[in-house]
Amino acid sequence: MALTGTYVPSASEWVRKNVEEYEASDGREGGTLPGTDYPVVVVTSVGARSGHLRKNPVMRVEHDGAYLAVASNGAAAEDPAWADNVRHHPEVELQDGAEKHTYLARELSGPEREEWWERAVATWPTYASYAERTERLIPLFLLERA
């Protein structure tokens, strides 16, 4: 089921631009983290407080049709705002290239979290340094097709 509501673009210019390019070109433009060759997907979530639709590029960590959304926030002391959105409204949309589908998100823990963390670091090694630079445990959300 497609999410409904009013889309409110990010206050972050690079996020807005990345999402606009990605969606307009089915991922051919804006399909990588700016300044890198690392692929991203776009996740649409419902705002925890506002109820507005929010869109964020996240690193493309995929395995057997499931995706991982890593709430690293660049090793900041707090989670990114989208993490709270997903906790409150676990139904999200994910666009990978031209493909867009509805997914259900759940926060990982224990051995399953460790297995997916290894996949995340293998995809983007910078995650390991983020984990060393922050005191919080970086939340991992597994997105599975609804």
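Residues numbered from 1 in each chain as written. Predicted model: local features only at pLDDT ≥ 70, side-chain atom pairs only at ≥ 80, totals over all residues. Heavy atoms only, no water.

Colleague: Lay out the overall build of the protein chain with the relevant residues and their values.
Modeller: Scanning the protein chain from terminus to terminus reveals four helices and seven strands. Beginning at the N terminus, the succession of helices and strands in the protein chain can be written as α-β-β-β-β-α-β-β-α-α-β. Taking 15 Å as the expected radius of gyration for a compact globule of 146 residues, we find that the protein chain reaches 14 Å, a close match to that expectation. Viewed in the frame of its principal axes, the protein chain has a C-alpha envelope of about 35 × 30 × 30 Å. (Helix = DSSP H or I, 4+ residues; strand = E, 2+ residues; numbered from the N terminus. Rg over C-alpha atoms; globule rule 2.2 N^0.38 Å.)

Colleague: How would you explain the packing of aromatic side chains if you had to name every residue and give the values?
Modeller: Each aromatic ring pair is described using two quantities: the centre-to-centre distance and the angle formed by the ring planes. Evaluation of the coordinates by the stated rule reveals seven aromatic pairs. Taking the centre distance of 5.7 Å and the plane angle of 90 degrees together, the rings of Tyr-67 and Tyr-103 count as edge-to-face. Here Tyr-67 is found in strand E4 (residues 66-70), whereas its partner Tyr-103 is found in strand E6 (residues 99-107), with 36 residues between them in sequence. The exposure class assigned to Tyr-67 is buried, which follows from its relative accessible area of 9%. Using a relative accessible area of 3% as the deciding quantity, one classes Tyr-103 as buried. Ring geometry for Trp-117 versus Tyr-127: centroids 6.1 Å apart, planes at 45 degrees, classification tilted. With Trp-117 in helix H3 (residues 110-123) and Tyr-127 in helix H4 (residues 126-133), this pair connects stretches of sequence that are 10 residues apart. By the burial criterion, Trp-117 is buried, and Tyr-127 matches it. Across the ring face of Tyr-7, the terminal group of Lys-55 is positioned such that the distance to the ring centre comes to 4.6 Å. Sitting above the plane of the Trp-116 ring, Arg-119 keeps its charged end 4.6 Å from the centroid. (Phe/Tyr/Trp six-rings, centres within 6.5 Å; stacked < 30°, edge-to-face > 60°. Buried < 20%, exposed > 50% of the residue type's maximum accessible area, 1.4 Å probe, protein only. Lys NZ or Arg CZ within 6 Å of the ring centre and 35° of its normal.)

Colleague: Break down H3 for me, citing the residues and quoting the values.
Modeller: Across its 14 residues, H3 extends 20 Å between first and last C-alpha, which sits within 8% of the 20 Å expected from 1.5 Å per residue. Within H3 the residues assigned to the buried category are Arg-113, Trp-116, Trp-117 and Ala-120. All buried residues of H3 project into a common sector of 115 degrees when viewed along the axis, lining one side. Facing away from the buried side of H3, by more than 90 degrees, are the exposed residues Pro-111, Glu-118 and Ala-122. (Expected span 1.5 Å × (residues − 1). Arc of directions from axis to C-beta.)

Colleague: Report on the pairing of strand E2 (residues 53-59), specifying residues and quantitative values.
Modeller: A large share of E2 lies buried, amounting to six of its seven residues. Pairing of strand E1 (residues 40-46) with E2, which is carried by seven bridges, proceeds in the antiparallel orientation. Within E2, the residue paired with Val-43 across the bridge is Asn-56. Between E1 and E2, which pair antiparallel and follow one another directly, the connecting turn spans six residues, one of which, Gly-51, has a positive phi of 80 degrees. (Pairing = 2+ DSSP bridges.)

Colleague: Give a description of the side chain of Ser-72 that names residues and reports values.
Modeller: Topologically, Ser-72 is positioned in the loop between E4 and helix H2 (81-88). In this structure, Ser-72 is in contact with Tyr-127, Tyr-130, Arg-136 and Ile-138, ignoring residues within four places of it in sequence. (Contact = heavy atoms within 4.5 Å.)

Colleague: Give a description of the sheet that holds E1 that names residues and reports values.
Modeller: Spatially, E2-E1-E5-E6-E7-E4-E3 is the arrangement adopted by the seven strands of the open sheet, whose pairing is antiparallel. Because the sheet does not close on itself, it has two edges, and the strands there are E2 and strand E3 (61-63). When the angles between neighbouring strand axes are averaged without regard to direction, this sheet yields 35 degrees. (Axes fitted to C-alpha atoms, helices over the stretch in contact; angles between N-to-C directions.)

Colleague: Before we move on, could you go through unusual backbone geometry and cite the residues and values that matter?
Modeller: Of note, the phi angle at Asn-73 is positive, near 50 degrees, even though the residue is not glycine. The topology assignment puts Asn-73 in the loop between E4 and H2. Even without glycine at this site, Ala-75 takes up a positive phi of about 75 degrees. Within the secondary structure, Ala-75 is located in the loop between E4 and H2.

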